[in-house]
Amino acid sequence: MGRLIVIEGLDGAGKRTLAEKLTASVDGRVARFAFPRYGEDVHADLVREGLHGRLGGFGDEVYGMAMLYALDRRGAAEDIRNALRGNDVVLLDRYVASNAAFGAARLHQDARGEFVDWVRAVEIERFGLPVPDAQLLLRVPVDVAAERSAHREHTGDRDRDTWESDQPLQTRVAAVYDGLAEDAWLSPWHVLDGTATPGVLPAIG
Ligand SMILES: Cc1cn([C@H]2C[C@H](O)[C@@H](COP(=O)(O)O)O2)c(=O)[nH]c1=O
């Protein structure tokens, strides 16, 4: 049975680059998934519509949008379980904690705890998604993340959604992530410095 390792962080934190480095460093078989699964799952495609303001007011419904993200993952649960059977490491670029962090950050501070508990109840208890063995929080200053994600848009790598350029929101997301890591939410977390010279990789094999 492989280990389920999740990479989390702000938009532009460098998650994909870390996933590539970890894949190259693991001595064994590695499978990778990235969420949302745009182009593969109807819920993920609806997420994209919502993020670009094309679902009207639904895009602002935190619980509704979070359910779409959760349903996308539910549709991948069997594939993740199969991948865990056939690989040493299954690496996920975003998972349940993204829903907790990004959704909570859009809510009033007093409503955040209840939302984070709801995400866990829906995704883990109700949908039965596999619990990660470890979650890696790639932490970078908000302005560095914003610059990287703006650069990605500029180079045509990908469209930015309306939230990515919202620095106050990203600052709140970073704070929620820090709290999740501190509480060891779902599983142990490892906090990595996303601005450090690459080379120091966590031992995940
Ligand atoms: C996977 C996931 C992403 N998100 C957010 C993070 C990003 O701002 C946005 C799209 O993710 P992406 O930029 O990694 O494609 O959706 C959630 O709110 N919940 C989730 O479950």
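Preceding block: the structure.
What you see is a predicted model, and the numbers here were worked out from it, not measured in a lab.

Please explain the overall build of the protein chain as it appears in this structure.
Along the protein chain, the regular secondary structure elements total seven helices and five strands. Listing each helix as α and each strand as β along the protein chain from the N terminus yields β-α-β-α-α-β-α-α-β-α-α-β. Burial status across the protein chain gives 48% buried among its 205 residues. Within the protein chain, contacts between residues at least 6 apart in sequence are counted, and of these 78% link residues at least 24 apart. Here the protein chain displays about 10000 Å² of accessible surface, and carbon together with sulfur accounts for 49% of that area.

What is the right way to read empty space enclosed by the protein from this model?
With a probe scaled to a water molecule rolled over the atoms, the places where space remains empty come into view. Tallying each qualifying case throughout the model produces two cavities of 30 Å³ or more. Counted as a void, the largest cavity has a volume near 50 Å³. In terms of lining, the largest cavity is formed by Gly9, Leu10, Leu137, Leu138, Arg139, Val140, Ala174, Tyr177 and Asp178. Among the elements of the structure, strand 4 (134-139) and helix 7 (167-182) are those that each provide at least two residues to the lining of the largest cavity. Taken together, the residues that form the lining of the largest cavity break down as six nonpolar, one polar and two charged.

I would appreciate a short explanation of helix 1 (residues 15-25) in the present structure.
Because each turn of an α-helix spans 3.6 residues, side chains separated by three or four positions in sequence point in the same direction. Regarding helix 1, the residues found buried are Lys15, Leu18, Ala19 and Leu22. Each buried residue of helix 1 lies within a common arc of 100° when the element is viewed along its axis, so the set occupies one face. Buried residues along helix 1 sit against strand 1 (3-9), strand 2 (30-34), strand 3 (89-93), strand 4 and strand 5 (189-193).

Just checking my understanding: could you explain the environment of Leu18 for this structure?
Relative to the helices and strands, Leu18 is located in helix 1. Taking the C-alpha atoms as reference points, Leu18 and Ile7, 11 residues apart in sequence, are found 8.2 Å from one another.

Looking at this structure, I do not really get the packing of helix 4 (residues 96-105) against helix 5 (residues 112-126). What am I missing?
Angle between the axes and distance between the axes are the two parameters that describe a pair of packed helices. Axis separation between helix 4 and helix 5 bottoms out at 9 Å; the angle between their running directions is 150°. In terms of orientation, helix 4 lies roughly antiparallel with respect to helix 5. Crossing hand, helix 4 versus helix 5: right-handed. For the pair helix 4 and helix 5, the contacting residues are Val96, Asn99, Ala100, Gly103, Ala104 and Ala105 in the first and Arg112, Phe115, Val116, Val119, Glu123 and Ile124 in the second. Residue composition of the contact of helix 4 with helix 5, grouped by class: eight nonpolar, two polar and two charged.

So what exactly am I meant to see when it comes to the nonpolar core here?
General note: in soluble globular proteins, nonpolar side chains tend to be found buried as a group. Of all hydrophobic cores here, the largest spans 58 residues; its most connected members are Ile80, Leu92, Tyr95, Leu180 and Trp185. Here the element with the most residues in this core is helix 3 (residues 62-86); it accounts for eight residues. Tyr95 has contacts with Leu4, Val6, Glu8, Phe35, Arg73, Ile80, Leu129, Pro130 and Pro132, leaving out every residue within four places of it along the chain. Listed in part, the five residues of the second largest apolar core include Val47, Met65, Leu68 and Tyr69.

Honestly, the sheet that holds strand 4 in this entry has me stumped. Any pointers?
Backbone hydrogen bonds are what pair the strands of a sheet, in a parallel or an antiparallel way. Spatially, five strands are ordered 2-3-1-4-5 in an open sheet, and the strand pairing comes out parallel. Pairing within the sheet leaves two strands with one partner each, and these edge strands are strand 2 and strand 5. On average, adjacent strands in this sheet sit at an angle of 20° to one another, irrespective of strand direction. As judged from the five bridges shared by strand 2 and strand 3, these two strands associate in the parallel manner. Counted as the bridge partner of Ala34 is Asp93 from strand 3. Most of the contacts of helix 4 go to strand 1, to which it runs at about 25°, and overall it touches strand 1, strand 4 and strand 5.

Conventions we followed
Residues numbered from 1 in each chain as written. Predicted model: local features only at pLDDT ≥ 70, side-chain atom pairs only at ≥ 80, totals over all residues. Heavy atoms only, no water. Helix = DSSP H or I, 4+ residues; strand = E, 2+ residues; numbered from the N terminus. Buried < 20%, exposed > 50% of the residue type's maximum accessible area, 1.4 Å probe, protein only. Contact = heavy atoms within 4.5 Å. Areas by Shrake-Rupley, 256 points an atom, 1.4 Å probe, with all protein chains shown as cover. 1 Å grid on protein atoms, 1.4 Å probe; cavity = no way out; pocket = protein on both sides within 12 Å on 5 of 7 lines; lining within 4 Å. Points joined across faces, edges and corners; volume = space filled by probe spheres on them. Nonpolar A, V, L, I, M, F, W, Y, C, P; charged D, E, K, R; others polar. Arc of directions from axis to C-beta. Axes fitted to C-alpha atoms, helices over the stretch in contact; angles between N-to-C directions. Parallel < 35°, antiparallel > 145°, perpendicular 65-115°, else oblique. Left-handed = near helix turned anticlockwise from the far one by under 90°. Core = buried A, V, L, I, M, F, W, Y, C linked by side-chain atoms within 4.5 Å. Pairing = 2+ DSSP bridges.

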